[in-house]
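Structural characterization, general
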Amino acid sequence: MPSSPKSRKSWLDHYRGLMGNWTRRQNNRHDAEDAVHDAVLGLLDQTCTHIQNIPSYLFQATRNQLFDESRRRGRWAQTPLDQLDEADTPLSPDVADACQSTQLMDELEVVLLQLPLVCRQVFLWNKIEGYSQREIAERLGLSQSMVEKHMKRALTHLQTHLHLFQQD
């Protein structure tokens, strides 16, 4: 049974306060806006009317969204370039290495486009965006085992087609 019209409109009463609260807590207003937006969409997508405390629901859902985003970003530790060791990031790259990297990127794009859309999306969300397989399964409405199968298919496809670039 869909939410009542009253509950669908009452989130507007809390939006400004929620935005102000999370904007003060976050350094990035855009992250707060995205999280609040996702929380409101979650509320509007609810098919039951048993949510009794809408402000509490929106607060908790926004908090969860921001926590997930923070955790996702934490997977990719960032170090400023000036703090990296010269051996790890040479300032004068080898021309041959640069050429091979460009060729690899071009070939990678071609090979990824050969994959079915869902398979390609699973690979990119996992390897580039840092989403877990469980998160991807929830986002795409798939079982986790299906996400694993798509990931295995993508990795096998990449390994098969990019074998010329493998280092000895």
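Residues numbered from 1 in each chain as written. Predicted model: local features only at pLDDT ≥ 70, side-chain atom pairs only at ≥ 80, totals over all residues. Heavy atoms only, no water.

Within an unreviewed UniProt entry, the label attached to the protein reads RNA polymerase ECF-subfamily sigma-70 factor, and the organism entered is Alcaligenes faecalis. Under the UniProt heading Sequence similarities (unreviewed entry), the entry covering the protein gives this text: "Belongs to the sigma-70 factor family. ECF subfamily." (UniProt positions renumbered as here; feature names shortened; annotations may be inferred.)

1. Section: the overall build of the protein
Looking only at helices and strands, the protein has 7 helices and 0 strands in total. Element order for the protein, N to C, with α for helix and β for strand: α-α-α-α-α-α-α. A total of 168 residues make up the protein; the buried ones form 24% of that total. For the protein, contacts bridging at least 24 residues in sequence account for 64% of all contacts bridging at least 6. (Helix = DSSP H or I, 4+ residues; strand = E, 2+ residues; numbered from the N terminus. Buried < 20%, exposed > 50% of the residue type's maximum accessible area, 1.4 Å probe, protein only. Contact = heavy atoms within 4.5 Å.)

2. Concerning the side chain of T62
Secondary-structure assignment places T62 in helix 3 (residues 54-74). Discounting chain neighbours no more than four positions away, the residues touching T62 are L18, W22, A35, V36 and A39.

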